[in-house]
Amino acid sequence: MGNNNSPQSLLSWRRSRRVTVAMAAMATTAVLVFHFSMTALYNTPFNPVQKDLSRVITGYMSPQFSQDWHLFAPDPVDADSGILVRAKVRTQDGQDVTDWTDITTPHIAKVHSQRMWPARVDRLPTGVKAQLESWRDPLLEEIRKKNKLDQPKDSAKGGTKAENPPLTVSEKSGRENATRFAQALATSEARRHWGDAVQGVQIRVVSNEYPRFSERHIREVKGEISYYDLDWMKPLKVSE
């Protein structure tokens, strides 16, 4: 019967173990280097490498590793916003367009009345505006605005100017998701108000910008109200 503790067998066992540990360490290092490299590219401002690898970076990071930084205190709230919905409804004479209906205030009232365990669905209207306005990369938007200002006035003739630089894959995906979310919410609320006769839905995003802090003692100052409308959208099949 052989001795397993002989110097030769012990040396062989230690060598194989060293090889296994070294290979595991190299594999772990490679995975970590790849992950942190993708994370760094995902969070860095727009650059040529990010442009060329946009699809790969977004595919790897989303949705499991997407970054949403809230390290520092956010800017103070300086505006109140809400969502209005109207619909094209089928009638006996053809089609009718309803008046605008506030869908934000009723949901906020429900949240306030259920402070311990508010339903998540009642928070949806407050998130629509944020999604519709946050899908663009802020740095790229500054570059696009500068490029538009630098273009000659004659270049605007003949149609809408193209985005320069163009939308990234991540921005396009964010725009589609935000529009789909708004479309689903508008469909659900429209059918709740006007039933199955709804043939089209439209959203109006309303913002009430508060008076400046320096004007807080002036009772006549009420703030500034602004809004914008999305295009008409077809209703979706939404499960209640």
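Residues numbered from 1 in each chain as written. Predicted model: local features only at pLDDT ≥ 70, side-chain atom pairs only at ≥ 80, totals over all residues. Heavy atoms only, no water.

Moving on, we come to the overall build of the chain. A count of helical and extended segments in the chain gives seven helices and five strands. Scanning the chain from its N terminus toward the C terminus, one meets helices and strands in the order α-α-α-β-β-β-α-α-α-α-β-β. Residues classed as buried in the chain amount to 22% of the 240 residues present. Considering only intrachain contacts with a sequence separation of at least 6, the fraction spanning at least 24 residues in the chain is 62%. Of the accessible surface of the chain, which amounts to about 18000 Å², a share of 56% is contributed by carbon and sulfur atoms. (Helix = DSSP H or I, 4+ residues; strand = E, 2+ residues; numbered from the N terminus. Buried < 20%, exposed > 50% of the residue type's maximum accessible area, 1.4 Å probe, protein only. Contact = heavy atoms within 4.5 Å. Areas by Shrake-Rupley, 256 points an atom, 1.4 Å probe, with all protein chains shown as cover.)

So, on to the pattern of salt bridges. Counted under the stated rule, the structure contains seven salt bridges. Between Arg192 and Glu189 there is a salt bridge whose closest N-O contact spans 3.0 Å. Here Arg192 and its partner Glu189 are both found in helix 7 (residues 169-194), three residues apart, which amounts to about one turn of the helix. The exposure class of Glu189 is buried, given its relative accessible area of 5%. (Salt bridge = Lys/Arg side-chain N within 4 Å of Asp/Glu carboxyl O.)

Helix length check: helix 7, at 26 residues, gives a terminal C-alpha distance of 37 Å against a target of 38 Å (1.5 Å per residue), a fit within 8%. Along helix 7, the residues that are buried comprise Glu171, Ala178, Ala182, Gln183, Leu185, Ala186, Thr187, Ser188, Glu189 and Ala190. Looking one or two residues past helix 7, Gly195 carries a phi angle of roughly 80 degrees, positive in sign. (Expected span 1.5 Å × (residues − 1).)

Once that is clear, we can look at the nonpolar core. The biggest cluster of nonpolar side chains holds 21 residues, and the ones touching the most others in it are Ile83, Val85, Leu132, Ile203 and Leu230. Counting only elements with at least two residues in this core, the list comes to strand 1 (79-91), helix 5 (124-134), helix 7 and strand 4 (198-209). Sort the elements by how many residues they give to this core and helix 7 lands first, with five residues. Ignoring anything within four residues of it in the chain, the contact list for Ile203 reads Ile83, Leu84, Val85, Trp100, Ala182, Ala186, Tyr228, Asp229 and Leu230. (Core = buried A, V, L, I, M, F, W, Y, C linked by side-chain atoms within 4.5 Å.)

What follows is about the environment of Pro138. Checked against the element boundaries, Pro138 lands in helix 6 (residues 138-150). Residue classification places Pro138 among the exposed positions, given a relative accessible area of 62%. For the pair Pro138 and Pro45, spaced 93 residues apart in the sequence, the C-alpha separation amounts to 9.4 Å.

Attention now moves to the packing of aromatic side chains. Summed over all chains, the structure comprises one aromatic pair. For the pair Phe34 and Tyr60, a centre-to-centre distance of 5.1 Å together with 75 degrees between the ring planes defines the contact as edge-to-face. With a gap of 26 residues between them, Phe34 in helix 1 (residues 7-43) and Tyr60 in helix 3 (residues 54-61) connect regions that are remote in the sequence. The ring of Trp232 carries Lys88 above its face, with NZ or CZ at 4.7 Å from the centroid. (Phe/Tyr/Trp six-rings, centres within 6.5 Å; stacked < 30°, edge-to-face > 60°. Lys NZ or Arg CZ within 6 Å of the ring centre and 35° of its normal.)

For the chain, mean pLDDT is 79; residues scoring 70 or higher make up 78% of the total. When the criterion is pLDDT under 50, residues 155-159 qualifies, and its contacts beyond four places in sequence or with other chains add up to two contacts. (pLDDT = per-residue confidence, 0-100.)

Pairing analysis gives 11 bridges linking strand 1 to strand 4, with the strands arranged antiparallel. Residue pairing for strand 4: Val85 is matched across the bridge by Ile203. Taken together, the six bridges between strand 4 and strand 5 (residues 224-229) define a ladder with antiparallel strand orientation. By the bridge assignment, Asn208 is partnered in strand 5 with Ile225. (Pairing = 2+ DSSP bridges.)

Once that is clear, we can look at the environment of Ser134. Relative to the helices and strands, Ser134 is located in helix 5. Here the alpha-carbon distance between Ser134 and Ala178, two residues 44 residues apart in the chain, equals 8.9 Å.

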